[in-house]
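# Report on the structure
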Amino acid sequence: MIPAGSLLCADSLYKTYGRTPALDGASFSIHPGEVVAVLGPSGSGKSTLLHCLAGIVTPDRGTITYAGRELSAMPDAERSALRRTEFGFVFQFGQLVPELTCVENVALPLRLAGARRKDAERTARHWLERLEVEAVGAQRPGEVSGGQGQRVAVARALAASPKVIFADEPTGALDSLNGERVMQLLTEAARSANVAVVLVTHEARVAAYSDRDVTVRDGRTRDLEHAG
Amino acid sequence: MSIGHTLLGLLESGPRHGYDLKRAFDEKFGHDRPLHYGQVYSTMSRLLKNGLVEVDGVESGGGPERKRYAITEAGITDVGAWLAQPEKPEPYLQSTLYTKVVLALLTGRSAEALLDTQRTEHLRLMRILTDRKRKGDLADQLICDHALFHLEADLRWLELTAARLDRLAAEVRA
Amino acid sequence: MTLLEHQGVPAEAPPVPTPPTGVAAWLRDLGLGIRLAAGGGREGWVRTALTAVGVGLGVALLLTAASAPHLLHERSQRSQARAESVAPGGPDAHARKSDTSVLRISAESEFRGRTVEGWLMRADGTHPVVPPGVARFPGADEMVVSPALKELLDSSEGSLLRERLPYRITGTIADSGLVSPGDLVYYAGSDTLAPADGGHRIAGYGDPGEGEEMPPVLIVLIIMICVVLLVPVAIFIVTAVRFGGDRRDRRLAALRLIGTDVRTTRRIAAGEAVFGALLGLLTGVVLFLVGRRFVGHIEMWGVSVFPSDLVPDLRLTALVVVAVPLTAMLVTLAALRSVVIEPLGVVRGGRDRRRRFWWRLLMPVAGLAVLGLTGKVDKSAPVDPYPIAGGAVLVLVGLALLLPWLVEACVNRLHGGPVPWQLATRRLRLSSGAASRAVSGITVAVAGAVALQMLFAAVGDEFNRMTGQDPSRAQFYTFSQKVTSEAAARTIKEFKATKGVEAVIGKVEVYVTRPGTYKDDEIQPTTSLIVGDCGTLRELARIDSCKDGDTFVVHPRNDKELSDWVDQTARKGKEVAISDTPGGKSMRWTLPADSPTVVARHDPLGEDSWGIMATTGAIDPSTLPGATTQSQIRVDESVEDVAEYVRNTAAGLDPAMRVSSVKSVARDEKYASVQRGLQVGATATLLLIAAAMLVAQLEQLRERKRLLSVLVAFGTRRSTLAWSVLWQTAVPVLIGLTVAVAGGLGLGATLITMLDKEVTDWWLFLPMTGAGAALILLVTLVSLPPLWRMMRPDGLRTE
């Protein structure tokens, strides 16, 4: 069952790693421009849900529909292409290529999608500016602070004009002030560009930047507002 | 904290005398403030008047008041509605929430759902505060942050309680 | 107040232990390092094992190299033991006939490019001497063969050769009679061999003399080969000691956090390295001992070795045992000098300290200078190998030192490009050291090999006897000392019937002179006497009528001077002298007065012969002293194994008939074995370096597992990452190869000039660069499966 108007929708997902069930009938849906927080304790299956939704892993059972297309039926190459062009990603740490400068890191998804270097880097600079880190553009990730690095990562997620951004504990490695600022910049940019954000977090104050929250417990989701 | 709803909830497991009710209440919820008899009788008479309890029988001899109370259908519905209703997030909410969780466990209702509902309510308020903070000036931000940190603490407590529900249920029902 | 009071009170706490100093500290820290290396859990063991295997491979190669002196000595001993004893009275004197003497002739042949050594032997008495390794003298039509030859003859591949060697196998030659296990040797018995057929008499075996001294040029080549092969091995060991360095640095940082000082951490690191090196030493010895057992079964480019010959020289072994752990320690300490290990992490000082250019250039230039000052090597005077070796080492090691600078300089200038290229070049820019180190091994190997190959090509004339014949006319030339009346006709007939043969000319030929005594400054008129049937003679000269018993004087075409020279000997009605050797057995023969004079014609192979021609009725060729049966054969080279068919026919005519291929170049054995050694060594070295690069690559991939997962998450194609891995290997290797080719050409040209030769071929580096390219591909391809594995999303899971 697909809620009307949803951009990305998953129904009854099951996924097992070895013998440990990670998802046990989870469901999820998100509308364009919506920010949905996925909450839940460690090991509840939040990250697995995000990986499934983003087409990084395929669920054992269940359907994932993105813009009317069935994700789990797509071959790997097609899902990769989708991630390149339609999705953006922000992770907790270790996501920037350490050899590339910040501008080049932000330009990377654009270049992977086929943009020319000059154009990609111009767009990248624009996004660095939006995220207030244009000053570190020429520096490498190892030379900037954690907060700056995470903003660069957010810029990178936004640069390729995705329809959905998947953020897995995007502020996990940051202090409150930096974390709040990153969340504020991310959600503002996403809302103004009508980008949906799937936000996996265990922090309530981060989740408070969402429009709605979904709780995962033992691989099952509770979406109270929709469940009514 | 609503004493009326709590006493009603205690009656759900079966009819009790007023004295029993007080003892059960003290044992489970009145850790530092035992209930006065007067409070029990005034509450029970209010509940009787509203039709949420009825007198099940009167025993003679012994104590001053030997009425036995039983919960009515309307009473059960009222307890259910109370448990399902999230509390308005405010400081020092824990005792109410705790009572609700214990009652839910005692009456076989889903304590997990109760906690989730409460969390959603907390988050709703946090969203409002976050939104206000985003639009407001520094003073607003600081005030909102203060509230947010308290709410966050509550939420952590909710999270922790949710993770320990099994153990709590075992203790409460013991 | 209380604080002050406390300070006044003498401490009752146990005394703080004073840390050991000096040697004790060293020992303690080295020991701690060894414990860390041994007890570092699975990861620690993996790292130690990698180092041990890497060092082990290097040590095994070094031990093999250290076995070379013993190996060469043993081989030459056995080779001399089976050589014929020289009869007293000089090389031309023959042994006297006795009960033990043996008449024999070499029946060496070639089979599909491999030499088959063989002798026909006939015992003079009842107790003939036998060559080493042979238990019983073979009877007529029997032979004893080497195990390798037996195996070849028994296999389906050897059936063509079996036709050539129809003798019954009655035994095998023991190892003491073979130079190497792969030798193809046979001794066949004969009851018809006679001195007239070319057989010579020997009294025994064993050449007691000193082995032939190596020519100076060869010594230079051998020194170069050692340098070229061993320097990369040393570089490989140095690389292997650094395996897992990044992880080690992090572990050391953790040690710093709990209060170890900088010096102590360095010593601990050195201890770890020494432990790895010691394990490697052990691995190397085991590898060597195990490999030694199997070496007898391996043959590469015609080289095989008896396990018992592989005994390392004691002094060289001791050197290896001491040098390897010491090197490991020094390398580690040197590597740590550019790294600052802080309690909270590792700071690489390398980037601020740019690699300097001038001192790196100093070494190769100094090397070239040493070589230049040494001057030309005299062909006869004993060569002083040290300046040459020293110069070559300086040049080669200098190139290896030049490489990191060059890689850094190049990579820093590479901008832009597609994503895989960008990822690869940036990665190199940040840490080009690791890549350069592995590649510097290639550089030395390739530069050395290029120089050596140039040297080989240039020196080639000295060792290669060009046959000077036109291979478009005849590809084979046979020569037999067995001469019968119908030899020429039979030779032609049988070769013509051989599969793949297009044209044949066969003749019995002997030199004839004009009798008389001549002063020293006079030349005795000489020409040749060719005997054959009318059919054969008609092929050689314009003869109108010919019947058996006729003789002819044949003049070359259009050459008055040469015709007159022929007539000086071929005087009609007068005698000519036919003699084997000057002063040897001779006979006189009168050229009939009615012999017509005719003109030579092109034979089927396009060649002209002249002199006296006689039919077999006029003179029986089997009576001519020193006569030989010769033939020239042209074949259709597209026929498979045509050479083997020709050789089989030749063996049928006379087992001792020599068949030489005009096309191929007869090679001096020593030169050939030196070149083979180079090829074997270069291959082993390149494989070793490929292994080092692979380990470095895999290590790097493992360290970047999470990043790879992230890149996959945002939709990076596998091919993008595969290409980046390829470029990351290819860029340094290509730079290394460029340096190697340039340096190799320079070194080669210098050495060639020293030897007073000319560069004959500038393009000899192409095969080596091909090998380098193959190495890039190999490393990339083998890295791909682990890369795919690491691109799985589980790298994203943080818990």
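Definitions and limits used
Counting starts from 1 at the beginning of each chain's written sequence and moves along it residue by residue. Starting at A for chains and at 1 for ligands, labels are handed out in the order in which the entities are written. Since the coordinates come from a predicted model, pLDDT governs what is reported: local features require at least 70, and pairs of side-chain atoms require 80 or more to be given and counted, while whole-chain, interface and lining totals use all residues. Side-chain numbers come from the whole structure's heavy atoms, not from hydrogens or water. UniProt positions are given in the numbering used here, feature names are shortened, and annotations may be inferred rather than shown by experiment. Throughout, the protein atoms alone are placed on a 1 Å grid, and a set of points is a cavity if a 1.4 Å probe fits but cannot get out or a pocket if it is open with protein on both sides within 12 Å along at least five of seven lines; lining residues have an atom within 4 Å of a point. Grid points are joined across faces, edges and corners, and a volume is the space filled by probe spheres set on the points. Strands here mean DSSP runs of E at least two residues long; helices mean DSSP runs of H or I at least four residues long; both are numbered from the N terminus. Gly falls in the polar group here, along with every residue not listed as nonpolar (Ala, Val, Leu, Ile, Met, Phe, Trp, Tyr, Cys, Pro) or charged (Asp, Glu, Lys, Arg). Throughout, a residue-residue contact means that at least one pair of heavy atoms, one from each residue, lies within 4.5 Å. Two parts placed together each lose some accessible area; with a 1.4 Å probe, that loss summed over both constitutes the buried area. The salt bridge definition used is simple: a Lys or Arg side-chain nitrogen within 4 Å of an Asp or Glu carboxyl oxygen. In the analysis that follows, any N or O atom pair within 3.5 Å is treated as a polar contact, provided that within protein one partner can donate a hydrogen and the other can accept it, and provided that, for residues neighboring in sequence, both atoms belong to side chains. Here, two cysteine sulfur atoms that lie within 2.5 Å of each other are counted as a disulfide. Categorising residues by exposure relies on relative accessible area from a 1.4 Å probe, with only protein chains included: less than 20% of the type maximum marks a residue as buried, more than 50% marks it as exposed, and the intermediate range marks it as partly exposed.

For chain C, the name recorded in an unreviewed UniProt entry is Membrane protein, with Streptomyces gelaticus as its organism. Quoted verbatim from the Subcellular location (unreviewed entry) field of the UniProt record, the comment on chain C reads "Cell membrane".

An unreviewed UniProt entry lists chain A under the name ABC transporter ATP-binding protein, with Streptomyces gelaticus given as the organism.

## A few points about empty space enclosed by the protein
All names here are of chain C. Here the structure, examined in full by the defined rule, presents 8 cavities of 30 Å³ or more. Roughly 130 Å³ of volume is contained in the second largest cavity. Together, 14 residues line the second largest cavity, and Arg704, Leu708, Leu721, Ser724 and Gln728 are the ones closest to its centre. Considering every element that reaches the lining of the second largest cavity, the biggest residue donor is helix α21 (residues 718-754), with 4 residues. Residues of the lining of the second largest cavity, tallied by class, amount to 8 nonpolar, 4 polar and 2 charged.

## Observations concerning the interface of chain A and chain C
Each partner contributes to the interface: chain A provides 29 residues, whereas chain C provides 26 residues. The contact between chain A and chain C buries some 2,700 Å² in all, and 59% of this surface belongs to carbon and sulfur atoms. The largest per-residue losses of area from chain A upon contact with chain C belong to Glu99, Arg111 and Leu112 of chain A, which jointly make up 23% of the total buried on that side. Taken together, chain A and chain C are joined by 2 salt bridges. Put simply, Glu99 of chain A and Arg427 of chain C hold a salt bridge, and the shortest N to O gap is 2.5 Å. Here chain A is connected to chain C by 8 residue pairs in polar contact (both at pLDDT 80 or more). Going through the elements one at a time, α2 (76-85), α3 (102-112) and α4 (117-130) of chain A are the ones with two or more residues in the side of chain A that touches chain C. Examining the composition of the side of chain A that touches chain C, we find that 5 residues originate from one element, α3 of chain A, more than from any other. Across the side of chain A that touches chain C, the residue classes break down as 13 nonpolar, 6 polar and 10 charged.

## Some points on the state of the cysteines
Two cysteines whose sulfur atoms are joined by a covalent bond form what is called a disulfide. All names here are of chain C. With the rule as written, the count across this model stands at 1 disulfide over all chains. Two residues, Cys534 and Cys546, share a disulfide whose sulfurs are 2.0 Å apart. Every disulfide takes its handedness from the sign of the S-S torsion; for Cys534 and Cys546 that torsion is -80 degrees, giving left-handed. Linking Cys534 in helix α16 (residues 534-540) with Cys546 in the loop between α16 and β13 (551-555), this pair joins segments that are 12 residues apart in sequence. A relative accessible area of 15% places Cys546 in the buried class.

## Remarks on the interface of chain A and chain B
Facing 21 residues of chain A, the contacting portion of chain B comprises 18 residues. The contact between chain A and chain B buries some 1,700 Å² in all, and 50% of this surface belongs to carbon and sulfur atoms. For the interface between chain A and chain B, the tally reads 5 salt bridges. Between Lys133 of chain B and Glu180 of chain A there is a salt bridge; the shortest N-O distance is 2.4 Å. At the surface where chain A touches chain B, the tally comes to 7 residue pairs in polar contact (both at pLDDT 80 or more). If one sorts the elements of the side of chain A that touches chain B by residue count, helix α6 (residues 176-192) of chain A sits on top with 5 residues. Residues that form the side of chain A that touches chain B fall into these classes: 7 nonpolar, 4 polar and 10 charged.

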